[in-house]
Structures are given as structure tokens and as C-alpha cells.
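One letter stands for each residue in the lines below.
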Amino acid sequence: MFDSSGKAILPTYWFTVKANQADGRLIYLPKTYAGIAKVNLFNYSNSRTVNVSEFQMYNITPPSQPLNLLATPDGSSIGLTWNEVEKATSYTIKRSVTMNGPYTTVATGVTQASFTDADVTPGTTYYYVVTAVNPVGESVSSNEASAFIESTGEVEPTPEEPPSTEQPEPEQPSSNRAILVVTMNTGLEKEFDLSMKEVNDFINWYETKQSGSGRASYAIDKHNNNKGPFISRKDYILFDRILTFEVNEY
């Protein structure tokens, strides 16, 4: 190894380099030494040292942080773009489903400053960072960028229930009539086949009298129980003789 004036730097350092590393590409030494400007590359053959070439030393550091990472949803994928980083040989893409990580690596060795992530699920927000890589090391992560994949909105149809085989119960015809059963305080029960209007008139009389006003008795027409040579027959019910009554509509 030599300094910039051509003077050899002592002690001499030796590193083994494979043949396929010396084909015009950069060779990275495992450590750096201050003041080294160039080195000689030797080929060992039959225990003889043959000077092959002399080449310059370059100071290479890990790449800087990728800037301006953007994430853009595009239907069923997310496109990423960022600024190119000088001295970067590739990029690593990392992803999370929560803000600020933790991140999982989804791609390595990306050589362009763009990437399309097609392994995404609708209805999910993804958070990304990118790092730049070269043989010396990896940069710090870029800014975080996020994108949301819209749901398709398709809803599985609800299976239709088979039609019921049960027959609905037939609606009972209403005659708008009822049997009024009045139980007297003597235990005697009186039944009257009346229209609902007549029943409601009886109930209104009873409730009015119960509240302290109205007639003391109520006349109920017997209708087709009118036997004999009479124009009409009525049964007069005294309020203070009524124990209870019930209405049975039909």
C-alpha cells in the first residue's frame, strides 16, 4: 500500500482477493487505513509473486438516507417512488400495517428508485420505508409513506330462505257482536247476545255510574229472546246488584 506521494506504507497489509473479484469491479477492503492512496494487486502462482496491477483507493461510505418517499394506491397495488441515492447499489423495501412499524422486509436488491407492491389486501392501510444499500452498509430509513387500498365494496348475497310451507291460519270473520255475561251479587248469571255498540253503551253506563253519576239502572234489550205477544222485552240491571261482567266477542 502506498500514500499519495508513492511512498510505501509500513507495515505491509495483505488481503486475499478472489479472482472473480478482480475483473474490473470495485474491491472493498475489510477495514480502512489513513493515508492510503493506492495498492498493488499480486497474483500468486507456483509460489512466485507476480505484480499484476496498481489501482487507486477510494473512500466509500454507506449511502445516505432516501428522501421524498411517496406511496400511491393504484387499484389492487401500491406504487412507491423516492429520490435516487448516490453510491447506492440497491434499495430495500420495508412495510407495516401500523404507523411507525415494526416493519417487515418485502423486497431487497431493488435497483430502481421505484417499486410496486402487489401483495396487498383491500380495506388495509400500509406504511412503508426504504433504505439504500451498498457493499459498505445500509442507510437509515427514509421518511414513512402510507397508502390505503379501497375495498371492492362487493358484498356476498344473503341466501334466500325457501318459501314457508305453513299455511296461514284463516282470519276469523267478525260479526261485530258479543255475549255479555253479567253476574249479580246473588250469584245469578245473565247472558245477552248483543251488538258491540250495545255492549259499549252498557260499559259506558257502568263506568259513568261507578264515578258517581248517571242512572241507577240500565235496560238491556233481549232481542230474539222476546217470547210471547210482546212488542219488546228489556231486562233492567241495577248497578248496585252487579258483582262483575264479562264480554265475549265473536
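Comments concerning the sheet that holds strand S4 (residues 77–81)
Pairing within the open sheet is antiparallel, and its 3 strands lie in the order S3-S4-S7. Each edge of the open sheet carries a strand with a single partner, namely strand S3 (70–74) and strand S7 (114–117). If you compare each strand with its neighbour and ignore which way they point, the axes differ by 20 degrees on average. Note: S3 against S4, 5 bridges, orientation antiparallel.

Examining the pairing of strand S11 (residues 177–184)
The buried count for S11 comes to 6 of 8 residues, which makes it a mostly enclosed element. Two elements, S11 and strand S12 (residues 189–195), share 7 bridges in a ladder whose sense is antiparallel. In the strand pairing of S12, Arg177 is matched with Ser195. Hairpin connection, S11 to S12: the antiparallel pair is bridged by 4 residues, and Gly187 has positive phi, about 95 degrees.

Looking at helix H1 (residues 196–210)
Compared with the 21 Å implied by 1.5 Å per residue over 15 residues, the 21 Å span of H1 between its first and last C-alpha is a close match. Taken together, the buried positions of H1 are occupied by Met196, Val199, Phe202, Trp205 and Tyr206. Close packing links the buried residues of H1 with S11, S12, strand S13 (217–221), strand S14 (234–238) and strand S15 (242–249). At the exit of H1 stands Gly212, carrying a positive phi of roughly 110 degrees.

Observations concerning the nonpolar core
In terms of nonpolar packing, the biggest core is built from 20 residues, with Ile78, Leu80, Trp82, Ile93 and Tyr128 touching the most fellow members. Residue assignment for this core shows that the elements contributing at least two residues are S4, strand S5 (90–96), strand S6 (104–110), strand S8 (125–134) and strand S10 (145–148). Ranked by the residues each element gives to this core, the list is headed by S8, at 4 residues. Apart from the residues within four sequence positions on either side, Ile93 is in contact with Leu80, Trp82, Thr104, Thr105, Val106, Ala107, Val110, Phe115, Tyr128, Val129 and Val130.

Considering the sheet that holds S12
Strand order across the open sheet formed by 3 strands is S12-S11-S15, with antiparallel pairing between neighbours. For this open sheet the edge positions go to S12 and S15, each flanked by a neighbour on one side alone. The sheet shows a mean angle of 20 degrees between the axes of neighbouring strands, direction not considered. Bridging between S11 and S15 involves 7 bridges; their strand directions are antiparallel. Within S15, the position partnered with Ala178 by the bridge is Glu249. This element, H1, spans S11, S12 and S15 of the sheet and lies at about 155 degrees to S15.

As for unusual backbone geometry
Here Gly101 and Pro102 are connected by a cis peptide whose omega angle stands at 5 degrees. In this structure, Pro102 sits in the loop between S5 and S6. Despite not being glycine, Lys87 has its phi angle at roughly 75 degrees, a positive value. Positionally, Lys87 belongs in the loop between S4 and S5. Phi is positive for Asn100, close to 65 degrees, though the residue is something other than glycine. Note on placement: Asn100 falls in the loop between S5 and S6.

What counts and what doesn't
Residues numbered from 1 in each chain as written. Predicted model: local features only at pLDDT ≥ 70, side-chain atom pairs only at ≥ 80, totals over all residues. Heavy atoms only, no water. Pairing = 2+ DSSP bridges. Helix = DSSP H or I, 4+ residues; strand = E, 2+ residues; numbered from the N terminus. Axes fitted to C-alpha atoms, helices over the stretch in contact; angles between N-to-C directions. Buried < 20%, exposed > 50% of the residue type's maximum accessible area, 1.4 Å probe, protein only. Expected span 1.5 Å × (residues − 1). Contact = heavy atoms within 4.5 Å. Core = buried A, V, L, I, M, F, W, Y, C linked by side-chain atoms within 4.5 Å.

Nothing here speaks to function; it is all geometry.
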